[in-house]
Protein chains: 2
Amino acid sequence: MYEKKIPLLLECGLTMTKEVLGGKWKTSLIYAISEGILRPSDLQRAIPGSTKRVLSQQLKELEEFHILNKKIYHQLPPKVEYTLTELGETVLPIIKMMNQWGEHNRIPLETMIKSRSESRAV
Amino acid sequence: MYEKKIPLLLECGLTMTKEVLGGKWKTSLIYAISEGILRPSDLQRAIPGSTKRVLSQQLKELEEFHILNKKIYHQLPPKVEYTLTELGETVLPIIKMMNQWGEHNRIPLETMIKSRSESRAV
DNA sequence: CGGCATCCGCCAAGATACTG
DNA sequence: CAGTATCTTGGCGGATGCCG
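As annotated in an unreviewed UniProt entry, chain A carries the name HxlR family transcriptional regulator and comes from Mucilaginibacter frigoritolerans.

This is the structure in C-alpha cells:
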C-alpha cells in the first residue's frame, strides 16, 4: 500500500452529486415535492422568482436522473404530479441538512452576503 | 394561526447554503482542505481540471464567508495555507454526505449522466 | 395546465500574462 | 509560489409565444 502523496482525486462523488443538484432550483424542487407540493403550477407558486420554463426543464432533468417520478393524469385540464423516487428519498437528507445549515447560520451569512454584494456594486 | 396554503417559502436556508457552496470547485476545496491539503498549488494539483484563477477566486470567497482561514507565511517563495474555520467545520458534514451519496450511487449516475450528454450531443 | 421552441443577456469560469 | 488583471467564451436561465 502506497501513501497517496497528493492525488486524492476527490472528484468523483462530489462532482456527480453537484451534477444532480446543480441547477438553480433543483434542491428547492426536491424539497418542495417532499413537502407534498407535487404539481408544476403549485411548485412555481411555492418557489418565488422561478420561471415556468426553467422549472419544467429542471423537473425533466431530475426525472432523467431518476430522482423524480412523473405521473400524468390524462384529463382536461391536464394534471401532472411529481413524486420522489427511492433514489430521490436518499438525497433528501442532504437537502434538509443544507436547509438547516442555512437557517442556523442565517444571521451571519446574510450580513456577509450583503456586504459582498455591496463591495461588488462599487 | 393560519394554515399555509401554498407559500412555504422554503427558499431561505437552501438558497443561502447554495450561495456559499455554489462555485464550481468550492465543495472540493473545502473537502480537500479538511483532508490536509492546505496550499493553493497542492489544491490545484489535487483538483484536476481546475484553473489557478478560479481556485484562487473561490478560496477568496470562502474566506470572505468565514468558511476558511488564510495563513500567510512571509517568506520566499511565498507560502500560504488555508484551514477550515469553526463555521467551515460545520459545513463539512454536508459535503461528506454529498460525496458519499455520489460514491454510493456512482454506477447508476454515471450511466445516466453519460446517456444525457450523448442525447444532448445530437 | 403542462410542455416546448426560440431568442437573448449575462455571468461564471477558461486562457494568458504579468507582478511581488 | 501566490495573486491579480484582462479578454474571451459557453451555457444557464430569463422572457415570450404557441400547441395539445
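Here the narrative resumes, following the displayed structure.
J.: I'm lost on the UniProt feature "domain: HTH hxlR-type" (unreviewed entry) in chain A in this one. Help?
T.: Here, UniProt's "domain: HTH hxlR-type" (unreviewed entry) annotation points to residues 12-110 of chain A. Within the segment residues 12-110 of chain A, helix and strand shares are 64% and 12% respectively, and the terminal C-alpha atoms sit 31 Å apart.

J.: Where do I start with the interface of chain B and chain A in this structure?
T.: Often the size quoted for an interface is simply the accessible area lost on bringing the parts together. Across the boundary between the two partners, chain B contributes 54 residues, which contact 54 residues of chain A. Summing both sides of the interface, chain B and chain A together bury roughly 4,800 Å²; the carbon and sulfur share of this comes to 73%. Taken together, the links from chain B to chain A amount to zero salt bridges. Linking chain B to chain A there are 14 residue pairs in polar contact (both at pLDDT 80 or more). At the level of secondary structure, the elements contributing two or more residues to the side of chain B that touches chain A comprise α1 (11-21), α2 (26-34), α3 (40-46), α4 (52-64), α5 (86-104) and α6 (106-121) of chain B. Among the elements that take part in the side of chain B that touches chain A, α5(B) stands out by supplying twelve residues, more than any other. Looking at the side of chain B that touches chain A residue by residue, the classes come out as 30 nonpolar, eleven polar and 13 charged.

J.: Just to check I follow, could you spell out the relation of the copies chain B and chain A for this structure?
T.: There are two copies of the chain, and a rotation about an axis plus a shift along that axis relates them. Least-squares fitting of chain B to chain A yields an RMSD of 0.1 Å, with the superposition described by an axial translation of 0.0 Å and a rotation of 180 degrees. The symmetry that links the two subunits is that of a two-fold axis. Using C-alpha coordinates, one finds that chain B approaches the rotation axis most closely at B:I94, a distance of 3.2 Å. Most of the interface of chain B is mirrored in chain A, where 100% of its interface residues are also at the interface.

J.: What is the right way to look at α5(B) in this model?
T.: Spacing of three or four residues puts side chains on the same side of an α-helix, whose turn is 3.6 residues. All names here are of chain B. With 19 residues, α5 should reach 27 Å at 1.5 Å per residue; the first-to-last C-alpha distance of 28 Å fits that figure. Along α5, the largest kink reaches about 30 degrees and is centred on L92; proline P93 follows within four residues of it. Considered for burial, the residues of α5 that qualify are L87, G88, V91, L92, I94, I95, M98, N99, W101 and G102. In this structure T85 caps α5, since a side-chain oxygen of it lies 3.3 Å from the backbone nitrogen of L87.

J.: Would you take a moment to explain the protein's contact with DNA strand C for this structure?
T.: In the vicinity of DNA strand C there are 18 residues, among which A:S41, A:K52, A:K70, B:K24 and B:R53 approach most closely. Here DNA strand C approaches the protein such that, of its atoms within 4 Å, sugar and phosphate make up 56%. A distance of 2.5 Å separates a base oxygen of DNA strand C from a polar side-chain atom of A:K52. Between DNA strand C and the protein, one listed contact pairs a base nitrogen with a side-chain N or O atom of B:R53 at 2.8 Å.

The rules behind the values
- Residues numbered from 1 in each chain as written.
- Chains lettered and ligands numbered in written order.
- Predicted model: local features only at pLDDT ≥ 70, side-chain atom pairs only at ≥ 80, totals over all residues.
- Heavy atoms only, no water.
- UniProt positions renumbered as here; feature names shortened; annotations may be inferred.
- Helix = DSSP H or I, 4+ residues; strand = E, 2+ residues; numbered from the N terminus.
- Contact = heavy atoms within 4.5 Å.
- Buried area = accessible area lost by both parts, 1.4 Å probe.
- Salt bridge = Lys/Arg side-chain N within 4 Å of Asp/Glu carboxyl O.
- Polar contact = N/O pair within 3.5 Å; in protein donor to acceptor, adjacent residues only side chain to side chain.
- Nonpolar A, V, L, I, M, F, W, Y, C, P; charged D, E, K, R; others polar.
- Least-squares fit on C-alpha atoms with pLDDT ≥ 70 in both.
- Expected span 1.5 Å × (residues − 1).
- Bend = angle between axes of the 7 residues up to and from the residue.
- Buried < 20%, exposed > 50% of the residue type's maximum accessible area, 1.4 Å probe, protein only.
- Near = heavy atom within 4 Å.

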